[in-house]
Amino acid sequence: MTQRASELSGEQRGGAPGRGLTAAEVAERISRGEVNDVPVRSSRSLTEIVRANVLTRFNLIIGVLWVIMLAVAPIQDSLFGFVIIANTGIGIVQEWRAKKTLDSLAVVGESKPVVRRDGKAAGIHTSEIVLGDLIELGPGDKVVVDGTVAEADGLEVDESLLTGEADPVLKKTGDTVMSGSFVVAGGGAFTATKVGREAYAAQLAEEASRFTLVRSELRSGISTILKYITWMMVPTATALVISQLVVKEHDFKDSIARTVGGIVPMIPEGLVLLTSVAFAIGVVRLGRKQCLVQELPAIEGLARVDVVCLDKTGTLTEGGMDVTELRALGDAEEPYLRRVLAAFGASEPRPNASLQAIIDAYPAPEDTGWTTTGTLPFSSARKYSGAAFTEDGGAASAWLLGAPDVLLSEDDPALAEIGRLNEQGLRVLLLARARGELDAPDAAEGAEPAALVVLEQRLRPDAGRTLAYFGEQRVATKVISGDNAVSVGAVAAKLGMEGADHPLDARRMPQDTDEMASAMEQNAVFGRVTPQQKREMVAALQSRGHTVAMTGDGVNDVLALKDADIGVSMGSGSEATRAVAQIVLLNNSFATLPSVVAEGRRVIGNITRVATLFLTKTVYSVLLAVLVVCFQVEYPFLPRHLTLLSTLTIGVPAFFLALAPNKERAHPHFVRRVMRYAIPSGVICAAATFVMYLIARHHYSGTGALDAETSAATLTLFLVSMWVLAIIARPYTWWRVCLVAAMGLAFLVVLAVPWLQDFFALKLVGSRMPWTAVGIAVVASALLEYAWRLVGRRFGG
């Protein structure tokens, strides 16, 4: 039998046993640099943000082309350079805003380990721990530095995040604990032996604590696209340069301008910017709702989620409970049982929610006359805790408190009454007198039932609406709890959850992964689930191709949170759950989760839309360059023309579309989905434009012919690109219609206002070619509609 942690002590490096370091010893260690000074940063520094947004491959290419254009052409042919400066500035400002939001939330959500100094315990920042500090541990606490156990009271530590072994390790005085592990049961204290970068998990923790814009399918998909574009650009641009400067014999500066005009639109310069801005604005929006995104791709990941696994306690119900009844069993009298429960509550320095309700209902008097001689900390695996006492008359007794269906035999008559209470959504604990030693493996065998403690759980007022939201969004919800299955089902039924009337006891779950996956898909509520089973359930769902989000707040949820595609922790949850979760709900509100899902869908759905716009431009730019080289003609556009077209058909509308609401669940294979639409759209745009250009070349002649041909080709490309925009803007809302109409009106203004005609070198000559351009654009638009519908039917949208 173990002794209470407060009565134990162990040797430490400095300070009196059990009292921790003195203030003088702390100051001495700080002066020697023996401080846990790992620079855990929540986001990139301002310098890193500026460097990441400015020093890109495409910014370099465009910068060189911009300098060339400033030297050889009018300022209007250099507008693309100013657009890039504006885009880069927007990206820096938005990411800086996101950084400030994340940093402020990280401070709010930061947990403080309890350190004992001069005999007094106080929470301090992790970075303030010094070598030799005595750090207290309790259930759910994370071991923040390496050390040696100085005090142990049934201390069980889970090292699975370091070793992969799921079984908790019982730690005794003198044993080593490693940073990155966490406490699952019991308590104690350890002396810090390695701090800062010497600690085992320091560098892992530093890396995991950074917020990043990488490691997501969306970002990696865009990187893949940009890599392919680079490969296409180099030979195409080289051939275009040779064609315009060597093969065609006309004005050198005009050749340079048209060559640059062919290269610049191949670069989807705004795509990376809009992705970063969409993520950053998502962080700011969620930050306002007290949602801390510890890994930015988690926003994207939640958009793909089709199953959400919920822990009942702290998610569907609030953390607190109330004792509604104490029902004696056998010969025990209620006043005596109240004293037992009061002593039981006083024996646990860190009570869980159930025991706290008992403490509130039966507070221990100042002089009880009862002495605690041993404790058995609660464990999610065994489902009960224990305490041994010397009573005021000198008699010794040992008691267990936990799940009735674990402590009682299956044929016990009391289980029928307990079942009826569970059907009402009440939680029932059994108080039983133990016959043997508490720390014996079979401590529960032969225990004599003494009383039922009936607890009422407080439902979260917003939980029903949140479950309804997931149902509307075709996201399956699974309640996975360690409590009695019937009780969990009753709680879920009160919230209107579908499938709550058929709860499944996890002790009867099949062991085979495939059979378990079938059970998971067919049922919605699971009770008596062990921490290891939660992990196996998540893996079973993933084996069927599901994207799984797991919510929880207790230490028993850590393994499942870690293995789920997206882990969501409550801000009031244990330190271990907050450490492994990608998203922390600082306001402890389950109702915040729909906002996170909606934000993820907005980001990934809208970026898929605007990526199609950008890549359509890249495709038609490359094809136009190839056609120009093959037909040995002048490139039809100057940079100013394509800057105007890009701004009106891509840049401005893409910015609004990227930030618009979008409830569609994200689909995998981002690159393939985008290119299925971008390639046919780009081919049709290029073909229509080049056909119009060739027709105009045969129609116009003499001075100003090239300008007239360019204007006719520009009109065709604008109209066809506008139709691509009109398709992507669907389904239409009033503001989307206004957006498309405003872009078309802006182009008409350029054609109608004389000084804008001169500025952009756009002047339609005659009526035959302009109407021919319109006719070709109409045919191309019809082909676009057919191509999009064909792709949608063949590949499912």
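What you see is a predicted model; the values in this text were computed from it and never measured.

Digging into the overall build of the protein
The helix and strand tally for the protein stands at 27 helices and 21 strands. Classification of the 797 residues of the protein by burial places 56% in the buried group. The long-range share in the protein, meaning contacts at least 24 apart out of those at least 6 apart in sequence, stands at 73%. Working note: accessible area of the protein is about 32,900 Å², and carbon and sulfur atoms make up 57% of it.

Topic: the side chain of Asp462
Structurally, Asp462 is set in the loop between β15 (448-459) and α15 (463-472). We note that Asp462 is buried and unpaired, the nearest opposite charge coming from Arg465 at a distance of 5.1 Å. Not counting the four nearest positions on each side in its chain, Asp462 is found in contact with Ser589 and Ala591.

A few points about the packing of α15 against helix α21 (residues 593-631)
Two elements in contact, α15 and α21, have axes separated by 10 Å at closest approach and are oriented at 30 degrees. It follows that α15 is roughly parallel to α21 by the angle criterion. The residues of α21 that touch α15, namely those facing Thr466, Tyr469 and Phe470, are Leu593, Pro594, Val597 and Ala598. Considering only residue class, the contact of α15 with α21 consists of six nonpolar, one polar and no charged.

Some words on helix α18 (residues 531-543)
In an α-helix, one turn spans 3.6 residues, which is why side chains three or four residues apart end up on the same side. Compared with an ideal rise of 1.5 Å per residue, which puts 13 residues at 18 Å, α18 spans 19 Å between its outermost C-alpha atoms and is within 8% of the ideal. Within α18, the full set of buried residues consists of Pro531, Gln533, Lys534, Arg535, Met537, Val538, Ala540 and Leu541. Remark: Gly545 follows α18 within two positions and exhibits a positive phi of approximately 85 degrees.

Re the sheet that holds strand β9 (residues 307-310)
Two modes of strand pairing occur in sheets, parallel and antiparallel, and in both the strands are linked by backbone hydrogen bonds. Strand order in the open sheet formed by eight strands is β8-β21-β20-β19-β9-β16-β18-β17, and the pairing between neighbours is mixed. Every other strand in the sheet has two partners, leaving β8 (291-293) and β17 (504-505) as the edge strands with one partner each. The sheet strands contacting helix α17 (residues 513-522) are β16 (476-480), β17 and β18 (525-527), and the helix crosses β16 at an angle near 110 degrees. Against the sheet, α18 touches β9, β16, β18 and β19 (548-552), its axis set at about 160 degrees to β19.

So, the side chain of Ser721
With respect to the element layout, Ser721 can be found in helix α24 (residues 705-728). A relative accessible area of 6% means that Ser721 is categorised as buried. Beyond its immediate stretch of four places on either side in the chain, Ser721 contacts Tyr620, Thr649 and Cys685.

A word on helix α11 (residues 334-346)
Taking 1.5 Å per residue, 13 residues should reach 18 Å; α11 reaches 18 Å between its end C-alpha atoms and fits that length. Of the positions making up α11, those classed as buried are Leu337, Val340, Leu341, Ala342, Ala343, Phe344 and Gly345.

Quick word on the pattern of salt bridges
Applying the stated criterion to the full structure yields 25 salt bridges. Between Glu28 and Arg32 there is a salt bridge, and its shortest N-O distance comes to 2.5 Å. You can call Glu28 partly exposed: its relative accessible area is 40%. As a salt-bridge pair, Glu521 and Arg544 come within 2.7 Å of each other at their nearest N and O atoms. Taken as a pair, Glu521 in helix α17 and Arg544 in the loop between α18 and β19 lie far apart in primary sequence, 23 residues in all. Several salt bridges share partner residues, and in doing so they unite Asp405, Asp505, Arg507, Arg508 and Arg528 into one network.

Regarding the pairing of β16
Along β16, four of the five residues are buried, which leaves the element largely enclosed by surrounding structure. By the bridge criterion, four bridges tie β9 to β16 in an arrangement that is parallel. Following the sheet pairing, Leu310 is matched in β16 by Val479. The pairing of β16 with β18 spans two bridges and is classified as parallel. Bridge pairing in β18 places Ile480 opposite Phe526.

Details of unusual backbone geometry
At the junction of Arg730 and Pro731, the peptide bond is cis and its omega measures out at -5 degrees in the coordinates. Checked against the element boundaries, Pro731 lands in the loop between α24 and α25 (734-752). Positioned with a positive phi, Arg474 is a non-glycine residue whose angle comes to about 60 degrees. Residue placement: Arg474 occurs in the loop between α15 and β16. For Arg474, a relative accessible area of 63% translates into the label exposed.

A closer look at the nonpolar core
One finds Leu302, Ile583, Phe590 and Phe747 to be the most contacted residues of the largest nonpolar core, which totals 136 residues. Residue contributions to this core peak at 16 residues, all from α21. In this structure, Leu302 is in contact with Ala549, Ile566, Ile583, Leu593, Val596 and Val597, ignoring residues within four places of it in sequence. Among the nonpolar cores identified, the runner-up in size contains 26 residues, and Phe182, Ile480, Ala506 and Val538 belong to it.

Remarks on the packing of aromatic side chains
To describe a pair of aromatic rings, one takes the distance between the centres and the angle between the planes. Taken as a whole, this structure holds twelve aromatic pairs when the rule is applied. Each residue in the set Tyr336, Trp370, Phe389 and Trp399 is aromatic and connected to the rest through ring pairs, giving one cluster.

As for the pairing of strand β14 (residues 427-433)
Extensive coverage of β14 is indicated by the burial of six of its seven residues. The pairing of strand β13 (residues 396-402) with β14 spans four bridges and is classified as antiparallel. Pairing of Gly402 across the sheet is with Leu430, part of β14. As paired elements, β14 and β15 share seven bridges and run antiparallel to each other. Among the inter-strand pairings, Ala432 is bridged to a residue of β15, identified as Pro449.

What about the environment of Leu784?
Structurally, the position occupied by Leu784 is in helix α27 (residues 768-795). Assessed through its relative accessible area of 0%, Leu784 is described here as buried. Separated by 107 residues in sequence, Leu784 and Tyr677 have C-alpha atoms that sit 9.5 Å apart. Once residues within four sequence positions are removed from consideration, Leu784 is found in contact with Ser681, Ile684, Val720, Trp723, Val724 and Ile727.

A few points about the confidence of the model for the protein
On average, the protein scores 81 in pLDDT, and the residues at 70 or more come to 90%. Predicted confidence is poor over residues 1-16, with pLDDT under 50, and the contacts of this stretch with residues over four places away or in other chains come to 54 contacts. Overall, residues 203-215 carries pLDDT values under 50, and its contacts beyond four positions in sequence, including any with other chains, amount to 28 contacts.

Parameters at a glance
Residues numbered from 1 in each chain as written. Predicted model: local features only at pLDDT ≥ 70, side-chain atom pairs only at ≥ 80, totals over all residues. Heavy atoms only, no water. Helix = DSSP H or I, 4+ residues; strand = E, 2+ residues; numbered from the N terminus. Buried < 20%, exposed > 50% of the residue type's maximum accessible area, 1.4 Å probe, protein only. Contact = heavy atoms within 4.5 Å. Areas by Shrake-Rupley, 256 points an atom, 1.4 Å probe, with all protein chains shown as cover. Lys, Arg positive; Asp, Glu negative; His and termini not counted. Salt bridge = Lys/Arg side-chain N within 4 Å of Asp/Glu carboxyl O. Axes fitted to C-alpha atoms, helices over the stretch in contact; angles between N-to-C directions. Parallel < 35°, antiparallel > 145°, perpendicular 65-115°, else oblique. Nonpolar A, V, L, I, M, F, W, Y, C, P; charged D, E, K, R; others polar. Expected span 1.5 Å × (residues − 1). Pairing = 2+ DSSP bridges. Core = buried A, V, L, I, M, F, W, Y, C linked by side-chain atoms within 4.5 Å. Phe/Tyr/Trp six-rings, centres within 6.5 Å; stacked < 30°, edge-to-face > 60°. pLDDT = per-residue confidence, 0-100.

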